[in-house]
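What follows is each chain in one-letter form.
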Amino acid sequence: MNRPEQIYDILLAPLTLSLILGGLGVVLLTNIIYSALSLGLVLICISLFYILLNADFVAVAQILIYIGAVNILIIFAVMLMNNPKYPNSAPPWTVGDSITSIVCTSLFCSLITIILNISWFGISLTQKSDQILERDLTNNIQRIGVHLSTDFFLPFELISIILLVALIGAITIARREETV
Amino acid sequence: MLEHALILGAYLLSIGIYGLVTSRNMVRALMCLELILNAVNLNLVTFSDSFDSRQVKGDIFSIFITAIAAAEAAIGLAIVLAIYRNRKSTRIDQFNLSKW
């Protein structure tokens, strides 16, 4: 780790707390605008977590793509579909909610048990590395750039095609019908 | 640090699954799907930092997942908008459009 330890200790507890509260806020808040803003808070906290994990480029990409595009799109959709007369015919808590909460809590508890019981640093990963090339790469974005343009070049091109198709499809679906 | 981040990823995953299954509003379901994808990204970046500092393969894969999630959010919201325009309601449990 090339981050000083004080940053870890100062940032870790508030980040964890705001992640927990933000996640609860996305699911449990009844006003959906508050829920969308709480999702923005969760995305910011995850981005700060990436900085703690030495992934600078992924943190900035997270801010740009998720908060700058996806969250804004969600807020747009919420404002376009805001129904002032809220249909109160739905019961606030059904049997399905209880079953789902039991299942999700048991999933979370089993994951915690698995995570805490594995000796993580007993795993030895042997990988052949290109020692000559990788000695000169110092920061995260250089490493990502090298592997993205050599090993992962085909997924990179395919993802640009996927983005193009997704944008054309979204515009076609959401376009207002033209009445002649 | 590793276990801390993994437990946070597991928490976001479970609360995203709960929100996705039980939400009655369609946009809230899409927001919980974004939570799930972010939990997966957090896991990937954590493992890439702990075990793979030379070739950051986990970071690269998380960038791909982010791009796919953005495309899927755009299409999902376009579909939700089209449905809302036709049905004037966002209650996801009253729709039977895919029912055969």
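Residues numbered from 1 in each chain as written. Chains lettered and ligands numbered in written order. Predicted model: local features only at pLDDT ≥ 70, side-chain atom pairs only at ≥ 80, totals over all residues. Heavy atoms only, no water.

**Some remarks on the overall build of chain B**
Part 1 of the reasoning: Of the regular secondary structure elements, chain B holds three helices and zero strands.
Part 2 of the reasoning: Tracing chain B from N to C terminus, the helices and strands come up as α-α-α.
Part 3 of the reasoning: Here chain B has a C-alpha radius of gyration of 17 Å; the compact-globule value for 100 residues is 13 Å, and the former is much larger.
Part 4 of the reasoning: By its C-alpha atoms, chain B is 50 × 25 × 20 Å across when sized along the principal axes.
Part 5 of the reasoning: Counting across all 100 residues of chain B, residues that qualify as buried make up 63%.
Part 6 of the reasoning: Relative to all contacts within chain B whose residues are 6 or more apart in sequence, the contacts with residues 24 or more apart total 58%.
Part 7 of the reasoning: Of the accessible surface of chain B, which amounts to about 3900 Å², a share of 63% is contributed by carbon and sulfur atoms.
Part 8 of the reasoning: Charge separation in chain B, taken as the distance between the mean sites of 9 positive and 7 negative side-chain charges, equals 19 Å. (Helix = DSSP H or I, 4+ residues; strand = E, 2+ residues; numbered from the N terminus. Rg over C-alpha atoms; globule rule 2.2 N^0.38 Å. Buried < 20%, exposed > 50% of the residue type's maximum accessible area, 1.4 Å probe, protein only. Contact = heavy atoms within 4.5 Å. Areas by Shrake-Rupley, 256 points an atom, 1.4 Å probe, with all protein chains shown as cover. Lys, Arg positive; Asp, Glu negative; His and termini not counted. Charge placed at Lys NZ, Arg CZ, Asp CG, Glu CD.)

**Some points on the nonpolar core**
Part 1 of the reasoning: Leu 19, Phe 49 and Ile 74 of chain A together with Leu 12 and Val 27 of chain B are the most contacted members of the largest nonpolar core, which totals 69 residues.
Part 2 of the reasoning: Elements represented by at least two residues in this core include exactly α1 (5–28), α2 (32–52), α3 (56–80), α4 (95–117) and α6 (140–150) of chain A together with α1 (2–22), α2 (26–51) and α3 (57–87) of chain B.
Part 3 of the reasoning: If one sorts the elements of this core by residue count, α3 of chain B sits on top with 13 residues.
Part 4 of the reasoning: Two domains each provide a minimum of three residues to this core, namely domain 1 (6–82) and domain 2 (141–179) of chain A.
Part 5 of the reasoning: Filtering out sequence-adjacent residues up to four positions away, Phe 49 of chain A remains in contact with Leu 12, Leu 15 and Leu 19 of chain A together with Met 1, His 4, Ala 5, Leu 8 and Leu 42 of chain B. (Core = buried A, V, L, I, M, F, W, Y, C linked by side-chain atoms within 4.5 Å. Domains from an automatic or database assignment.)

**With respect to the confidence of the model for chain A**
Part 1 of the reasoning: In the predicted model, chain A carries a mean pLDDT of 86, and the fraction of residues at 70 or more is 84%.
Part 2 of the reasoning: Confidence, expressed as mean pLDDT per element, reaches its minimum in chain A at helix α5 (residues 131–134) of chain A with 61 and its maximum at α2 of chain A with 95. (pLDDT = per-residue confidence, 0-100.)

**Let's talk about the pattern of salt bridges**
Part 1 of the reasoning: In this structure the tally under the stated criterion is two salt bridges over all chains.
Part 2 of the reasoning: Residues Asp 97 of chain A and Arg 24 of chain B are paired through a salt bridge, measuring 3.7 Å at the closest nitrogen-oxygen approach. One end of the pair, Asp 97 of chain A, is in helix α4; the other, Arg 24 of chain B, is in the loop between α1 and α2, on a second chain.
Part 3 of the reasoning: Classification of Asp 97 of chain A as buried rests on a relative accessible area of 6%.
Part 4 of the reasoning: Overall, the relative accessible area of 22% leaves Arg 24 of chain B in the partly exposed class.
Part 5 of the reasoning: The residue Lys 57 of chain B makes a salt bridge to Asp 52 of chain B at a minimum N-O spacing of 3.5 Å.
Part 6 of the reasoning: Take Lys 57 of chain B: its relative accessible area is 35%, and that puts it in the partly exposed class. (Salt bridge = Lys/Arg side-chain N within 4 Å of Asp/Glu carboxyl O.)

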